[in-house]
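For reference, the chains in residue letters:
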Amino acid sequence: MPTKILHKERLIPGRTSKLVLDAPQIAATARPGHFVILRVDEKGERFPLTIADTDKEHGTITIVYLVLGRSTQMLEELEEGQFIHDVCGPLGRATHIQRFEAPKKVICVGGGTGVAAMHHIAKGHHEAGNYVIACIGARNKDLLLFEKELSLFCDEVLVSTDDGSEGQKGIVTDLVKGRLDSEGGNIAEVVAVGPVPMMQAVSELTRGYGVPTTVSLNSLMVDGLGMCGACRVTVGGEMKFTCVDGPEFDGHKVDFAELRSRLGSFRSQETVVREHHRCNCFEKKEA
Ligand code: FES
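What you see is a predicted model; the values in this text were computed from it and never measured.

A.B. asks: Looking at this structure, how should I read helix α6 (residues 196–209)?
C.D. replies: Quick reminder: α-helices carry 3.6 residues per turn. Residues three or four places apart thus point the same way. Relative to the 20 Å expected for 14 residues at 1.5 Å per residue, α6 spans 20 Å between its end C-alpha atoms, a close match to the ideal helical length. Taken together, the buried positions of α6 are Val196, Met198, Met199, Gln200, Val202, Ser203, Leu205 and Thr206.

A.B. asks: Hey, could you run me through the sheet that holds strand β4 (residues 47–55) in this one?
C.D. replies: Picture the strands of a sheet paired through backbone hydrogen bonds; they go either parallel or antiparallel. Sheet architecture is open: 7 strands sit in the order β6-β1-β2-β5-β4-β3-β7, paired in antiparallel fashion. Of all the strands in the sheet, just β6 (83–84) and β7 (86–91) have a single pairing partner and so form its edges. When strand β2 (residues 16–22) meets strand β5 (residues 60–66), the two strands line up antiparallel, connected through 7 bridges. Paired with Val20 across the two strands is Thr62, which belongs to β5.

A.B. asks: Would you mind going over the domain arrangement of the protein with me for this structure?
C.D. replies: Interfaces are often sized by the accessible area lost when the parts come together. For the protein, the assigned domains read domain 1 (3–91), domain 2 (96–216) and domain 3 (219–277). Contacts between the two partners involve 16 residues from domain 1, matched on the other side by 15 residues from domain 2. Together, the buried faces of domain 1 and domain 2 total about 1200 Å²; carbon and sulfur atoms form 67% of this surface. The largest per-residue losses of area from domain 1 upon contact with domain 2 belong to Ile12, Pro32 and Ala52, which jointly make up 37% of the total buried on that side. One can count 2 salt bridges joining domain 1 with domain 2. Lys18 is paired through a salt bridge with Glu149; the nearest N and O atoms lie 3.6 Å apart. Across the domain 1-domain 2 interface, the total number found is 3 residue pairs in polar contact (both at pLDDT 80 or more). Examining the composition of the side of domain 1 that touches domain 2, we find that 5 residues originate from one element, β4, more than from any other.

Conventions adopted
- Residues numbered from 1 in each chain as written.
- Predicted model: local features only at pLDDT ≥ 70, side-chain atom pairs only at ≥ 80, totals over all residues.
- Heavy atoms only, no water.
- Helix = DSSP H or I, 4+ residues; strand = E, 2+ residues; numbered from the N terminus.
- Expected span 1.5 Å × (residues − 1).
- Buried < 20%, exposed > 50% of the residue type's maximum accessible area, 1.4 Å probe, protein only.
- Pairing = 2+ DSSP bridges.
- Domains from an automatic or database assignment.
- Contact = heavy atoms within 4.5 Å.
- Buried area = accessible area lost by both parts, 1.4 Å probe.
- Salt bridge = Lys/Arg side-chain N within 4 Å of Asp/Glu carboxyl O.
- Polar contact = N/O pair within 3.5 Å; in protein donor to acceptor, adjacent residues only side chain to side chain.

This is the structure we're talking about:
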């Protein structure tokens, strides 16, 4: 169903934008962790985006995307008041959120545009009554996302930048390690959303502390319905489909080496697809 863009904000001009969409049916049922699959026009490629926020009262959802290829470039060319051809969702399994009694705390880690998806999960933990520490990182302060939004409800927002232009100089994993050391066993869960190397590094770090860790995987997706197999990952030695079994999994059980290999092996084809592909999945066939 055509979905109207109510608000557009270029968070990092030419690179990352935020859209607020008029999607009351999705907003009514979407929970943290859910994602949508959209097509910008009738013949467009289907691609997934995690829901960064919902407003049930106004019937809106918020999505954030990195302008990376043809489809996101097409999306970037749409302005407020225009329509996306269709937005399907909410898809995937919602985040498992449980209440942790004080002094237990939850750390939510975000990198890149993963900060937007992490925002929705952190909000869910806050609404459940948990003490939430958000850790966000970027190469420099101009690339930090959602710092202001997270500070509206998180108990603490810790920032790192590679160049030290804001917050602690270094990588976001350093922030997590610092809190794991200083909290002395009070961290009940860590959630990490962002680039695969970051999620892997966080998972390897928390394993040593015995802290349960949830990651949200950004596998390639085609149908988003569990039928094509494109998004398969190995978790705890079992094959899982990110679109229907995830996108969130136990970070200590994910085979990150395989995931990185699969993502890397499609890179050249992806470039071609991004530049030239026009999806024919929903073309009407001649009788
Ligand atoms: S995208 Fe096809 S099985 Fe998940």
